[in-house]
Structures are given as structure tokens and as C-alpha cells.
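Next come the chains, spelled out residue by residue.
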Amino acid sequence: MNSGYVDAPRVLVLSAASLSRRGATGITLSNLFAGWPHNKLAQIYGDAPPPDPSICVNNYLFSSDRITIVRAIKSLRIQVTGMRRHLGRSLEGKHGIACDAAKSSVLASFADGVPFRLPQDLIEWVAKFDPQVIYSPLGSIRMMNAALQLSKLFDIPIVPHFMDDWPSTVYADRARYLPLRRMLRKKLEKVLSRAPFGLTICDDMSSEYTHRHGIRFEAFMNCVDVSTPSTADTRRTNGEVMFGYVGGLHLNRWKSLRDVAAALQAAQDEGSTVRLDIFAPEADIHAYRSQFDRFTVVRHMGSLGYSDVRERLREYDVLIHVESFLPGDSRYTRLSISTKIPQYMAAGRPILAYGPDTLSSIAYVARTGAGLAVTKDGDVQGLLNEARRLVGQADLRAQLGEEGRNTASEHHDAAHERQRLMALLAEAATKDGEWA
């Protein structure tokens, strides 16, 4: 057992995502809990794949199918979807399709709010583990219900970790979701009443949540290994400057990335030797590849496994981060920090960021000096100007990369952040009902 974890409490992780480095939440959770003593860590998870056994060996899959009413609603949704597909051709463009889609969405939302009791075998499994604290990203009414039941049954605190501002966005779009919206707020209040403090994804969110909810919040982003120097020159000697993007293209990020591609295309057309590679989930590549077909500067579009990201990042001279400018998307991303930002910084490469300056991720890149930020919607010329600077000034690239790596070492180093998390969860476990 890692000697640094002698005082680690027994932590029950409750989340939809497993400790598996699959998806943004899974990656963040796995990196935070890697090295935790196996006899002091257990997870209840809600989705495949199961936890990585090198991180967590004691786990329980609690699928929503275990809830009878939810299982019935899922069956109804499948029937509705099948009906839509069967009638799609004949009803295309008519109100029937939209109506069925709306019904399916409402059914899914209603399933989240259905009251339930945790199964007895799950309760017995938790009792055998005997947790001292519940750690959870929450994210839904169902997860909050489960957390509250376990917290009350075993008289232990909940430490919520907010990785995006879902309390402000879930069920906020339409009047028909108002009952669910009210339910979500009430459940969140109850969760926070059993929390000695909360965790967030960045300092901006911690400040806003402390003001919003009146309790203390601490920031934990994705943590990374920065022990091995990554500033060694692994790049080309032929003068080519390679730009790389790693991340999702959803929430209209593809539109912003397309502006970056247009700027780099202009740089190439005026004589600069530049290249852009794009790595995203396979579904995103399939959905948006055609949007980049006209850019000869885009040499490769593909997907990367988590284990390949660290070394691949070092192959690029500049790393790109983008966010959507659309207000509807910004509501979801305003207080979020992408898992790849600490990875970019640890790689010691400069970041070219493009998105609204009101978003925490864009502001963080600029504030730390880890890169250059273009914050005006559609500003391809501004992107071109910054790309010219990055292409033409190797010393600027080195300076920005060093600032990013220093930030990663100071704020995102995995060894330090895991110890900090352990100390906080140990603090929560010793509150002895002070949180109730």
C-alpha cells in the first residue's frame, strides 16, 4: 500500500461513469483515485465498462434497470423509437415525428425523477465495505436519491464533485420540466445539507458555488503526471509547424475548430509550412469529417486511446482548444475546464485557445500564460494573426509551453492532487455528524 495513503478513509464512489478512463468524467475520477488502497475504495457505477481493476476492485453495477418503473419506461421508449422509425418515411415533415420524439424525451426525464429504494443486496454490499464518506459527481436526480439514501442509512457525509454546472442547466429549457426542475433543486439542497464541503472542477466554479450555496468548495481538475520532462524537442527540423487538436467536437465545438482550420489554411496558402491533425471520438469524426474536407492543411482526422494521448501531444508544436460561441452551448461550458487542458499544459506545448472569454477554460489558458486566446466569434483573421506569431516565433512557443508546464506542476500534478484529495476526504470522514 502506498505509504502516503495510511490515513485514507474508506470512500464509496457513486457515479454513472466508472473508474475506467473512458470519457471525461471517468478519466478525471480515475486519475484522482489511482493509487488509493484497494481495501479503502469501492464504487457503485451505472454504465459500462466496469472499473479498471488496477484502480478499484470492489464495485457494484447499479443499472437503472433495477428500478421497476424505470425499466417499464425504458421499454415504452423503445416502442416509441421503433414506431418513429417504422413510420418515419410516411410521416416525414409532419407533426407526428416531432411529437413522438418529445414524448420519448419526456419519458426519459420522468424516469430520472421516479422515487425508488436501493435494493437490499446493494445495501448489504455497502454495509460490508463500511464506507466513511460518499464521493459523487451526482449529475441527476436519481444519483442524488441514491446518495441521500446511503448517507442516511450509514450516517456518513456526501462530498459532491461538480464537473460542470449541471444544476443550472438540467431541466431548465422547457416549462414542462418545471416539476423536475423543482425536484432537482430540492434534492440538491438536501445533498448539500449532508456535505461538509463540496468540490468543483475549477477555481471560478468554486467561487461562484461558495456564493451560491453558502458552503466551502475546493477545486479539483483532471490531474496529470508531470514527473517526466516533456519539453524535449521531439519535433521536425524541416521548418514545419504542427498544430494538434484532441477532444470532442460536440456542443458545436466543430464550428469553432473549423474557423481555426480556415485560419491555418490561410497561413498555408500564404507560404507557411503548417499542418493540423484532429483527434476526436469515432462518432464525432464520422459526423463532422465532411466539414473539414476542403482544408488541405488538415492532414489527419482520427481517434486516440487514453494511453496514447500523452506521447502524441508531444509530437505537436501547438495544441488547440476550442469552445462554441453559441449562447446555448456556453450555458453548459461556462464554468467547465476540459480534461485535456492539464494534459496540454503537462506536455509543455503552447495552447491556441478559441472561444468566448466568459468561459473558464478560455480564461484559464490566458490567465496562466499557457497560450494565446482569440475570443471574438468568427475572428478568422485574429486566429491567423496569432497563428503567424506561433509559427514564426519558436521562442514564444517555448515560453508559453514552459508557463503551461509550470502551471501543471503547481496545480495539476497527480501525486500532489491525490494527496490533497485524500486529506480532504479524511477531513470529511471525521466530521462525526457535524454536517447533518
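Scroll up to find the structure this text is about.
How each quantity is defined
- Residues numbered from 1 in each chain as written.
- Predicted model: local features only at pLDDT ≥ 70, side-chain atom pairs only at ≥ 80, totals over all residues.
- Heavy atoms only, no water.
- Patch = residues over 30% accessible without salt bridge, like charges linked within 9 Å, V, L, I, M, F, W, Y side chains within 5 Å.
- Areas by Shrake-Rupley, 256 points an atom, 1.4 Å probe, with all protein chains shown as cover.
- Salt bridge = Lys/Arg side-chain N within 4 Å of Asp/Glu carboxyl O.
- Lys, Arg positive; Asp, Glu negative; His and termini not counted.
- Charge placed at Lys NZ, Arg CZ, Asp CG, Glu CD.
- Helix = DSSP H or I, 4+ residues; strand = E, 2+ residues; numbered from the N terminus.
- Buried < 20%, exposed > 50% of the residue type's maximum accessible area, 1.4 Å probe, protein only.
- Contact = heavy atoms within 4.5 Å.
- Phe/Tyr/Trp six-rings, centres within 6.5 Å; stacked < 30°, edge-to-face > 60°.
- Lys NZ or Arg CZ within 6 Å of the ring centre and 35° of its normal.

1. Description of a positive patch on the surface
Then step 1. On the surface, K152, R182, R185, K186 and K190 cluster together into a positively charged patch.
Then step 2. In terms of residue count, helix α7 (residues 178-193) provides more of the positive patch than any other element does, four residues in total.
Then step 3. Considering the arrangement of structural elements, one finds K186 in helix α7.

2. Quick look at the pattern of salt bridges
Then step 1. Taken as a whole and judged by the stated rule, the model has 17 salt bridges.
Then step 2. A salt bridge links R10 to D130; the nearest nitrogen and oxygen atoms lie 3.3 Å apart. Placement of the pair is R10 in the segment before β1 (11-15) and D130 in the loop between α4 (120-129) and β4 (133-136), with a sequence separation of 120 residues.
Then step 3. Note on R10: relative accessible area 25%, which makes it partly exposed.
Then step 4. Residue classification places D130 among the partly exposed residues on the basis of a relative accessible area of 40%.
Then step 5. Between D277 and R275 there is a salt bridge, with the nearest N and O atoms lying 3.0 Å from each other.
Then step 6. Taking the relative accessible area as the measure of exposure, D277 reaches 2% and is therefore buried.

3. Quick notes on the side chain of R397
Then step 1. Its place among the elements puts R397 in helix α16 (residues 394-411).
Then step 2. We note that R397 is buried and unpaired, the nearest opposite charge coming from D317 at a distance of 4.4 Å.
Then step 3. Not counting the four nearest positions on each side in its chain, R397 is found in contact with V241, D317, V318, P350, L390 and V391.

4. Side note on the packing of aromatic side chains
Geometry of an aromatic ring pair is reported as the spacing of the ring centres plus the angle between the planes.
Then step 1. Tallied over the entire structure, the rule returns 14 aromatic pairs.
Then step 2. Ring geometry for Y60 and W125: centres 5.6 Å apart, planes at 45°, overall tilted. Pair noted here: Y60 is in strand β3 (residues 59-61) and W125 is in helix α4, with a separation of 65 residues, a long-range link. An identical accessibility class is assigned to Y60 and W125; each is buried.
Then step 3. Taken together, the ring pairs in this structure connect Y5, F33, W36 and Y135 into an aromatic cluster.
Then step 4. Cation over ring: R331 sits above Y332, and NZ or CZ is 5.7 Å from the ring centre.
Then step 5. Between the NZ or CZ atom of R420 and the centre of the ring of F220, over which it lies, the distance is 3.8 Å.

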